[in-house]
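Observations on the three-dimensional arrangement
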Amino acid sequence: MKDYIKKHYGSNVRMAKSLGVTNQTVTNWIKTNPRGMLKYLPEIVEECNTSYHQLVFEVMYHEKILEG
């Protein structure tokens, strides 16, 4: 998830500013709740020139990693 954010936004802070959320929200997506990012799916897809499928895959993959 960190790599995806870095690739498309450069940093958590830039992502937070772009989406109008706090830096803590982005940190929470990385550490505990990746599905929270899906609320901003249309905005992220539009801003990052990525697909819905790719973003959903990243979120689900990161969720599996967090589960251990």
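Heads up: the structure comes first, above all this text.
1. Digging into the overall build of the protein chain
On a plain count of helices and strands, the protein chain comes out with five helices and zero strands. Scanning the protein chain from its N terminus toward the C terminus, one meets helices and strands in the order α-α-α-α-α. Against the 2.2 N^0.38 benchmark of 11 Å for 68 residues, the protein chain shows a C-alpha radius of gyration of 11 Å, consistent with a compact globule. C-alpha extents for the protein chain along the principal axes are approximately 30 × 25 × 20 Å. The buried share of the protein chain, reckoned over its 68 residues, is 38%.

2. Some thoughts on helix H3 (residues 23–31)
If you check which residues of H3 are buried, you get Val26, Thr27, Trp29 and Ile30. All buried residues of H3 fall inside an arc of 155° around its axis, so they share one side. Residues of H3 that are buried sit in contact with helix H1 (2–9), helix H2 (12–19) and helix H5 (52–67).

3. Digging into a nonpolar patch on the surface
Taken together, the side chains of Phe57, Tyr61 and Ile65 make up a nonpolar region of the molecular surface, amounting to roughly 330 Å² of accessible area. With respect to the helices, strands and loops of the structure, Ile65 is situated in helix H5.

4. Brief notes about the packing of H2 against helix H4 (residues 41–48)
When two helices pack together, you describe them by how their axes are tilted relative to each other and by the distance separating the axes. It is at 11 Å that the axes of H2 and H4 come closest, and there the two elements cross at 115°. One element, H2, and the other, H4, form an angle in the roughly perpendicular class. Crossing angle aside, the handedness with which H2 passes H4 is right-handed. Here H2 contributes Met15, Ser18 and Leu19 to the contact with H4, which in turn contributes Glu43, Ile44 and Glu47. The residue inventory of the contact of H2 with H4, partitioned by class, reads three nonpolar, one polar and two charged.

What counts, and at which threshold
- Residues numbered from 1 in each chain as written.
- Predicted model: local features only at pLDDT ≥ 70, side-chain atom pairs only at ≥ 80, totals over all residues.
- Heavy atoms only, no water.
- Helix = DSSP H or I, 4+ residues; strand = E, 2+ residues; numbered from the N terminus.
- Rg over C-alpha atoms; globule rule 2.2 N^0.38 Å.
- Buried < 20%, exposed > 50% of the residue type's maximum accessible area, 1.4 Å probe, protein only.
- Arc of directions from axis to C-beta.
- Contact = heavy atoms within 4.5 Å.
- Patch = residues over 30% accessible without salt bridge, like charges linked within 9 Å, V, L, I, M, F, W, Y side chains within 5 Å.
- Areas by Shrake-Rupley, 256 points an atom, 1.4 Å probe, with all protein chains shown as cover.
- Salt bridge = Lys/Arg side-chain N within 4 Å of Asp/Glu carboxyl O.
- Axes fitted to C-alpha atoms, helices over the stretch in contact; angles between N-to-C directions.
- Parallel < 35°, antiparallel > 145°, perpendicular 65-115°, else oblique.
- Left-handed = near helix turned anticlockwise from the far one by under 90°.
- Nonpolar A, V, L, I, M, F, W, Y, C, P; charged D, E, K, R; others polar.

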